[in-house]
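As a plain string of letters, each chain reads:
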Amino acid sequence: MSADATGTGHLDATVVADLAEGLLAPADAAAAEGHLAGCAACRDVHDQLGRVVSLLRDAREAGPMPADVAARLDAALAAESARTRTPSPARAERPVVELATRGRRRLPQLRWPGPGLAAAAAAAGVIALGSWLAINADSPTGAEPSSADAAMAPEAGAVAGGPARADSATPAARAAEFSSLDRPSLQRAVRELAAVEAAPVRGSEAAKALPGQAAPPGCGADLASGLGRQLLGVRAAGGAGGEFLVVTQGIEPGTAEGYVVSACDAGPTAASLRATVPVPQSTP
Amino acid sequence: MSPAGSDPEPRGFDAAADPDDATLLARHVDGDPDAFAELVRRHRDRLWAVALRTLSDREEAADALQDALVAAFRKAGTFRGDAAVTTWLHRIVVNACLDRVRRRAARPSDPLPADDRSETLSLPTGPDPAEARETRLDVLAALASLPAEQRAALVLVDMEGWSVEETARLLGCAPGTVKSRCSRGRARLVPLLAHLRPEAAARNPGRLTDVASEAVAASGSDGTGSGGGVEQ
């Protein structure tokens, strides 16, 4: 490589850069160094190359991964984990708990009834929601309170996992942590919270069919705004752990996402995405 | 100038974390459902930075990162321990990004994404944030205009502080190739970033007002800002 590759009497910037990296053959390096010693313009190019390096270093991405990307990544890895782990016979006794307790921290596990009872509870929850929709479709409610208002209604009869009366579940157990819910129940809870938002008629009656209890005003707002999403609903678990289920619009159109947080004002970094569910675009 | 290869560890690599990465990966292979997510949480900020700067597009970077880490999840059993786990993760992510660039190049109808000027949340907050932000966006735009392989080399070596040897292992090429890509990339950036030189900024009437007002605004504070065009 000729030291004067530009035909202008000066070194090409690539030659100067190669010299700095030790990439030139000894003869070319000696020629380039000789030129640099006597040429202020080429020494300037050398200095500019150094400045490019410092500019790149200063432009380094310093912040954390954005919360929406992190949530998406967590969800993808959780889905992959769920897909690849075949439950062992021991796990099959309560596969759902094992799945749902994955997260940032281990939480006390709800002694959830077996799969049969869980399925019954799920069915009961669907029926309860269906009944609520049927009743309220005829209701002449003029007011259109937000889903947050609905979720804040004082009625807190329904509990996490739906209003099923599983004999083995005490009220305390039924109101336990959202983290302890099995995946289908959690998905259903997210769907129900989102459905209240999608329903044409809303009211405090909605809370009766929803999982958990009413959450304090403003709960989940920080998370939703931090994610840049619309808040669809929030419920308090009512258990000692004080968890909340926050449901927001999903990244994809027609989806909703459920986050479990341990405080009302938790932001995206403290939230754990637990379920992404499709929600109906049009209301029933 | 010998910036490359001076960092034995990439910046931000937390070697003191416990359990170590290799242990977490082994636990994942053994069936621990939490281990891989924990491993990813540990490194995701750096992996994201590399993906974002290699692809210069937020959505593409998110897609590439997700694809790469799901692939890493699946093939964790093939990790042989001949490199650090973080190198292995970076290799998978960078390769996924470069694959995307090549696929994009094979579809000329798809426009190259513009540089991500909407992304302002993680900008550095120095004593002169407005000037630093302007400078940074110029640098990122210039970087995005480079050929992908030069860009990836500069992102890893100059931005992230990986050594030339580690970067070579990561990109699957010889150290000399990494040096060459860095050298050519830097040479291409010189004219693209010439306007950011303090004396050039002072000569340029279009930027003079901005620079002067920023300099006045910053005069009461520490002037050693992060790459601002007014530093001495």
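None of these values were measured; they are calculated from a predicted model.

When its secondary structure is counted, chain B shows 10 helices and 0 strands. By the burial criterion, 50% of the 232 residues in chain B qualify as buried. Counted over contacts in chain B with a minimum sequence separation of 6, partners at least 24 positions apart contribute 67%. As displayed, chain B offers around 10200 Å² of accessible surface, 51% of which is attributable to carbon and sulfur atoms.

A few words now on helix H1 (residues 21–29) of chain B. Residues and elements named next belong to chain B. All buried positions along H1 are accounted for by Asp21, Leu24, Leu25 and His28. End-on view of H1: buried residues confined to an arc of 100 degrees, all on one side of the axis. Those residues of H1 hidden inside the fold are in contact with helix H2 (35–55), helix H3 (58–74) and helix H4 (85–105). Two residues or fewer past H1, Gly31 is found with a positive phi of approximately 110 degrees.

Here we come to the interface of chain A and chain B. Listed as interface residues are 47 residues of chain A and, on the opposing side, 60 residues of chain B. Interface of chain A and chain B: buried area, both sides summed, is about 4900 Å²; carbon and sulfur atoms make up 57% of it. Along the contact surface separating chain A from chain B lie 10 salt bridges. Between B:Arg184 and A:Asp18 there is a salt bridge; the shortest N-O distance is 3.1 Å. Where chain A meets chain B, there are 14 residue pairs in polar contact (both at pLDDT 80 or more). Put simply, the parts of the chain that give the side of chain A that touches chain B at least two residues each are helix H1 (13–21), helix H3 (40–58) and helix H4 (67–84) of chain A.

Before going further, it helps to spend a moment on the nonpolar core. B:Leu65, B:Leu69 and B:Trp88 are the most contacted members of the largest nonpolar core, which totals 82 residues. Domain assignment of the residues forming this core places at least three in each of domain 1 (13–58) and domain 2 (67–278) of chain A. Not counting residues up to four positions away in its chain, the partners in contact with B:Leu65 are A:Met65, A:Leu73, B:Leu47, B:Trp48, B:Ala51 and B:Val93. Within the second largest apolar cluster, 16 residues are counted, among which are A:Phe178, A:Leu193, A:Ala237 and A:Val260.

Right, let's talk about helix H2 (residues 26–38) of chain A for a bit. Residue and element names in this part refer to chain A. Across its 13 residues, H2 extends 19 Å between first and last C-alpha, which sits within 8% of the 18 Å expected from 1.5 Å per residue. All of the buried residues along H2 are Asp28, Ala29, Ala32 and Leu36. Here the buried residues of H2 occupy an arc of 100 degrees about the axis, which is enough to place them on one side. What points out from H2, more than 90 degrees from its buried face, is the exposed set Pro26, Ala27, Ala37 and Gly38. Against H1 and H3 lie the buried residues of H2.

The next point concerns the packing of H4(A) against H2(B). One can describe the packing of H4(A) onto H2(B) by two numbers: an axis separation of 11 Å at closest approach and a directional angle of 145 degrees. In this structure, H4(A) meets H2(B) at a crossing whose hand is right-handed. Every residue of H2(B) that contacts H4(A) at A:Val69, A:Ala70, A:Leu73, A:Asp74 and A:Leu77 is listed here: B:Phe36, B:Val40, B:Arg41, B:Arg44 and B:Trp48. Looking at the contact of H4(A) with H2(B) residue by residue, the class counts come to 7 nonpolar, no polar and 3 charged.

Throughout the structure, instances matching the rule amount to 1 disulfide over all chains. In this model, A:Cys219 is linked to A:Cys264 through a disulfide, with the two sulfur atoms separated by 2.1 Å. The disulfide joining A:Cys219 to A:Cys264 has a torsion of about -100 degrees about its S-S bond and is therefore left-handed. Of the two residues, A:Cys219 sits in the loop between strand S1 (213–214) and helix H12 (221–227) while A:Cys264 sits in the loop between strand S4 (255–261) and strand S5 (272–278), which places them 45 residues apart along the sequence. The exposure class assigned to A:Cys219 is buried, which follows from its relative accessible area of 2%. Not engaged in a disulfide, the cysteine B:Cys173 finds its nearest cysteine sulfur in B:Cys182; these two sulfurs lie 9.4 Å apart.

On to the packing of H1(A) against helix H8 (residues 175–192) of chain B, then. Remark: H1(A) packs on H8(B), axes separated minimally by 8 Å, with the N-to-C direction vectors making an angle of 140 degrees. Viewed along their axes, H1(A) and H8(B) adopt a mutual orientation that is oblique. For the element pair H1(A) and H8(B), the recorded crossing hand is right-handed. Taking contact as the criterion, the partners of A:Ala13, A:Thr14, A:Ala17, A:Asp18 and A:Glu21 in H1(A) are, on H8(B), B:Lys179, B:Ser183, B:Arg184, B:Arg186 and B:Ala187. Of the residues belonging to the contact of H1(A) with H8(B), the class tally is 3 nonpolar, 2 polar and 5 charged.

Right, let's talk about the packing of aromatic side chains for a bit. The geometry of an aromatic ring pair is captured by the separation of the ring centres together with the interplanar angle, meaning the angle of the planes. Residue and element names in this part refer to chain B. The final tally for this structure, using the stated rule, is 2 aromatic pairs over all chains. Ring geometry for Phe36 against Phe73: centres 5.3 Å apart, planes inclined by 75 degrees, an arrangement best described as edge-to-face. Highlighted residues: Phe36 in helix H2 and Phe73 in helix H3, separated in sequence by 37 residues.

All names here are of chain B. Per-residue confidence for chain B gives a mean pLDDT of 77; residues scoring 70 or more make up 68%. Long-range and interchain partners of residues 110–126, a stretch whose pLDDT sits below 50, account for 28 contacts in this model, where long-range means more than four residues apart. Below a pLDDT of 50 lies the segment residues 205–232, which in the model reaches 38 contacts outside its immediate sequence neighbourhood of four places, other chains included.

Conventions adopted
Residues numbered from 1 in each chain as written. Chains lettered and ligands numbered in written order. Predicted model: local features only at pLDDT ≥ 70, side-chain atom pairs only at ≥ 80, totals over all residues. Heavy atoms only, no water. Helix = DSSP H or I, 4+ residues; strand = E, 2+ residues; numbered from the N terminus. Buried < 20%, exposed > 50% of the residue type's maximum accessible area, 1.4 Å probe, protein only. Contact = heavy atoms within 4.5 Å. Areas by Shrake-Rupley, 256 points an atom, 1.4 Å probe, with all protein chains shown as cover. Arc of directions from axis to C-beta. Buried area = accessible area lost by both parts, 1.4 Å probe. Salt bridge = Lys/Arg side-chain N within 4 Å of Asp/Glu carboxyl O. Polar contact = N/O pair within 3.5 Å; in protein donor to acceptor, adjacent residues only side chain to side chain. Core = buried A, V, L, I, M, F, W, Y, C linked by side-chain atoms within 4.5 Å. Domains from an automatic or database assignment. Expected span 1.5 Å × (residues − 1). Axes fitted to C-alpha atoms, helices over the stretch in contact; angles between N-to-C directions. Left-handed = near helix turned anticlockwise from the far one by under 90°. Nonpolar A, V, L, I, M, F, W, Y, C, P; charged D, E, K, R; others polar. Disulfide = S-S within 2.5 Å. Parallel < 35°, antiparallel > 145°, perpendicular 65-115°, else oblique. Phe/Tyr/Trp six-rings, centres within 6.5 Å; stacked < 30°, edge-to-face > 60°. pLDDT = per-residue confidence, 0-100.

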